[in-house]
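Residue-level structural notes
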Amino acid sequence: MYQEINFDGLVGPSHNYAGLSFGNRASMRSRAAVSNPQAAALQGLAKMRVVAGHGIRQAVLPPLARPAFGTLRRLGFTGVPAQVIEKAYRTAPELLIACYSASSMWSANAVTTAPSLDAEDGRVHLTPANLVTNFHRSLEADETAVVWRAIFADPERFIHHRPLPANLVLSDEGAANHTRLASRHHLPGIHLFVHGRTGFAPLTEGRFPRRQTLEAGEAIARLHALPPERVIHARQNPAAIDAGAFHNDVIATGNEHVFLFHHLAFSDPAQVSKKLAQAYAGVSDGALCTREITRFGLDDAVRSYFFNSQLLTLPGGGMLLLAPEECRSILPVAEAITELVADPDCPIVQAQFVDLRESMLNGGGPACLRNRVVLSEIEQASLSGRVLFDRELDANLTSWIKKRYRTALSPDDLRDPQLPGEIEAALDELTHLLQLGSIYPFQQTGA
Ligand code: SUG
């Protein structure tokens, strides 16, 4: 029996607003605002509680250690941690701030996976995203690989590929641009990979960066041993990217046999629907329930993050749309949700709203904070660490966050020589809570 598990990234203690993501309108707007890391982490945990409360499998991923001292040292900043911070702040504050980003919380961008029931070799495939478009995010790839290898440790069941070569030809942003559709999670699926450009095209096109290439999606489909007839590649509409839809999960979403997309999401929406229907006919006798949303424009889609809702299968039947609070106050979006829930031909039976304000101000909604992995029961049992969410883990993490996280952080606070020590102590404690062993560079001897 296969199930989908949502692996949510815990928000790290250095969560801040540095305006690092050009083309992500929320991040650009929030630059230099004061964040509340404690509230951010508690909001993320509250979302996990909602999902788990519905009887849906939920798991947690530890944040990466920040600042990325390895990178700072590699860039020539020497000395003990306080000296590294001081020198970097004085001569290259942008580098220090980027090395402090808590962006690993958006685990949708951590890896792309293929379940063993879809891969021709019957094993689970995982590829960390190289995230080369933004410097602060590119630092995640190798450290993400360490964390995922620690949790998905069984070499018989889990195949870990290296991140794709770190070059703009192969820009990869992980599962945010990948959707698996299947009549049920435990039945064979088709895989939609969405790109913003082809890798060898000149980079001059458009207002904002196109973060995913066709070549990256093709490479992942090959690496994951997916049958070619079950793979679809689609191009994002340049206008959607230029309106702020920097990932496909900001403008389209799918779960099992439901696929929702904004009418301006793709360059050729009719072709996407046709190819999806064709491929889907190869895995299921039923029909895909596609809904092309025309009720609101790109601006409202990006402001509300409607398409970044989590679409979740309820154990008792039907689907839940777990949407960001922001969707309630934008009338055409709220109306579209009411319409979907009322639609007798659409399996969405309930909408629920979550407050993720801290993450949303950096352009991360409910779906950005989680990575979906479909696993068999045996594969679930072989996971390492204590990462499956339950009441006890919830209580432990809540008190850990309340004890260890600051309630205010501005980009200027990142020069505080005390902060690295605080973060290390917090993360060291976390690895004990999650029983993950020494996953952080500061826990390795000689680092
Ligand atoms: O990559 N924001 C992230 C948000 C990622 C959202 N993920 C998905 N859509 N799946 C990004 O743009 C902002 C950090 C800052 O500005 O401090 C940031 O990295």
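The structure we're discussing is the one just above.
A short tour of the structure in this document, coming up. Residue positions are given per chain, counted from 1 along the sequence in the order it is written. For this predicted model, a pLDDT threshold of at least 70 governs which residues receive local features, and a threshold of 80 or more governs which side-chain atom pairs are given and counted, while totals over whole chains, interfaces and linings are taken from all residues. Side-chain numbers come from the whole structure's heavy atoms, not from hydrogens or water.

1. Description of the packing of helix α15 (residues 391–404) against helix α16 (residues 419–433)
To obtain each axis, a line is fitted to C-alpha atoms, and for helices this fit is confined to the stretch in contact; angles are then taken between N-to-C directions over 0 to 180 degrees. In this description a helix means any DSSP run of H or I spanning at least four residues, a strand means any run of E spanning at least two, and both kinds are numbered starting from the N terminus. Running from N to C, α15 and α16 point in directions that differ by 170 degrees, and their axes come no closer than 11 Å. The angle between the axes of α15 and α16 places the two elements in the roughly antiparallel class. Two secondary-structure elements touch here, α15 through N396, L397, W400, K403 and R404 and α16 through A425, A426, L427, E429, L430 and L433. Under this grouping Gly is polar, as are all residues other than the nonpolar Ala, Val, Leu, Ile, Met, Phe, Trp, Tyr, Cys and Pro and the charged Asp, Glu, Lys and Arg. Class assignment for the residues of the contact of α15 with α16 results in seven nonpolar, one polar and three charged. Comment on the angle field: the value is read as roughly parallel under 35 degrees, roughly antiparallel over 145, roughly perpendicular from 65 to 115, and oblique elsewhere. We call two residues in contact when some of their heavy atoms are within 4.5 Å.

2. Some points on the sheet that holds strand β10 (residues 258–262)
One bridge is not enough; two strands pair if DSSP finds at least two bridges between them. Reading across from one edge, β9-β10-β11 is the order of the three strands in this open sheet, with mixed pairing throughout. Here the strands that pair on one side only, and so sit at the sheet edges, are β9 (252–255) and β11 (289–293). Neighbour-to-neighbour, the strand axes of this sheet turn through a mean angle of 10 degrees, independent of strand direction. Note that β9 and β10 share four bridges and pair antiparallel. By the bridge assignment for β10, A252 is matched with F261.

3. Focus on the site of the ligand
L20, S27, H136, D249 and C368 are the nearest of the 21 residues found near the ligand. Here a polar contact is recorded for every N or O atom pair within 3.5 Å, except that within protein the pair must consist of a potential hydrogen donor and a potential acceptor, and residues adjacent in sequence are included only if both atoms are side-chain atoms. At a separation of 3.1 Å, an oxygen atom of the ligand approaches a polar backbone atom of A18. Note that a nitrogen atom of the ligand is positioned 2.7 Å from one of the side-chain N or O atoms of D249. Note on areas: Shrake-Rupley, 1.4 Å probe, and residue coverage restricted to the protein chains presented here. In the complex, 100% of the free accessible area of the ligand, which totals 490 Å², lies under the protein chains. Residues are said to line a cavity or pocket when one of their atoms sits within 4 Å of a point; the points come from a 1 Å grid over protein atoms alone, cavities being sets where a 1.4 Å probe fits but cannot get out and pockets being open sets with protein on both sides within 12 Å along at least five of seven lines. Think of it this way: a molecule belongs to a cavity or pocket when more than half its atoms come within 2 Å of the grid points there. A molecule is said to occupy a pocket when more than half its atoms come within 2 Å of that pocket's grid points, and by this definition the ligand occupies the second largest cavity. Looking at the shell around the ligand residue by residue, the class counts come to eight nonpolar, ten polar and three charged. Whether a residue is near a molecule or strand depends on its heavy atoms: it is near if one of them lies within 4 Å of it.

4. Here we look at the pairing of strand β1 (residues 2–9)
Relative accessibility decides the category of a residue: with a 1.4 Å probe and only protein chains considered, values under 20% of the type maximum give buried, values over 50% give exposed, and everything between is partly exposed. Taking burial as the measure, the eight residues of β1 include seven buried ones, the bulk of the element. When β1 meets strand β15 (residues 370–376), the two strands line up antiparallel, connected through seven bridges. What sits directly across from I5, in β15, is V373. As defined by bridge partners, β1 adjoins strand β2 (residues 58–61) across four bridges and the pair is classed as parallel. When the bridges of β2 are listed, G9 appears paired with L61.

5. Considerations on the packing of aromatic side chains
Only the six-membered ring of Trp is used, alongside the rings of Phe and Tyr, when aromatic pairs are assigned; centres must lie within 6.5 Å, and planes under 30 degrees apart are stacked while those over 60 apart are edge-to-face, with the rest tilted. Applying the stated criterion across every chain, the model contains 13 aromatic pairs. Ring plane angle 50 degrees and centroid distance 6.2 Å describe the contact between F296 and F307, whose orientation is recorded as tilted. Separated by eleven residues along the polypeptide, F296 in the loop between β11 and α11 (298–304) and F307 in the loop between α11 and β12 (310–313) bring together distant segments of the chain. There is no split in this pair, since F296 and F307 are both buried. Centroid distance F306 to F307: 4.8 Å. Interplanar angle 80 degrees. Geometry classified as edge-to-face.

6. Overview of helix α10 (residues 269–281)
The length a helix should cover is 1.5 Å for every residue beyond the first. In this model α10 runs 18 Å from its N-terminal to its C-terminal C-alpha over 13 residues, within 8% of the 18 Å that 1.5 Å per residue would give. Within the sequence span of α10, burial applies to P269, V272, L276, A279 and Y280. Taken around the axis of α10, the buried residues stretch over an arc of 100 degrees, which confines them to a single face. Turned more than 90 degrees off the buried face of α10, the exposed positions are A270, Q278 and A281. Against the buried residues of α10 lie β6 (178–182), β7 (189–195), β8 (231–235), β10 and β11. What the arc measures is the spread of directions leading from the helix axis to the C-beta atoms.

7. Some remarks on the pattern of salt bridges
Salt bridges are counted wherever a side-chain nitrogen of Lys or Arg sits within 4 Å of a carboxyl oxygen of Asp or Glu. Going through the model one piece at a time under the given rule, you end up with 25 salt bridges. A salt bridge links R235 to E205, with the shortest nitrogen-to-oxygen separation between them at 3.4 Å. One end of the pair, R235, is in strand β8; the other, E205, is in the loop between β7 and α8 (214–223), with 30 residues separating them in the sequence. On the basis of relative accessibility, which here comes to 32%, the residue R235 falls in the partly exposed class. Shared partners join several salt bridges into a network, and the residues in it are E205, R210, R235 and D242.

8. A look at the packing of helix α2 (residues 37–53) against α15
When two helices pack together, their arrangement is captured by the angle between the axes and the distance separating the axes. Running from amino to carboxyl end, α2 crosses α15 at an angle of 170 degrees, the nearest separation of the two axes being 10 Å. Between α2 and α15, the angle falls in the class roughly antiparallel. Note on element contacts: α15 touches α2 through D394, L397, T398, I401 and K402, opposite Q38, A41, L42, L45 and R49. Residues that form the contact of α2 with α15 fall into these classes: five nonpolar, two polar and three charged.

9. A look at empty space enclosed by the protein
Grid points are joined across faces, edges and corners, and a volume is the space filled by probe spheres set on the points. Summed over all chains, the structure comprises five cavities of 30 Å³ or more. Roughly 320 Å³ of internal volume is contained in the largest cavity. Every residue lining the largest cavity is counted, 27 residues in all, and those nearest its centre are A175, H178, T179, R180 and R372. Secondary-structure elements contributing two or more residues to the lining of the largest cavity are β6, β9 and β15. Volume-wise, the second largest cavity comes out at about 190 Å³. Contributing to the lining of the second largest cavity are 23 residues, with S21, N24, W106, H136 and N362 lying nearest its centre. Among the residues making up the lining of the second largest cavity, the classes are represented as seven nonpolar, 14 polar and two charged.

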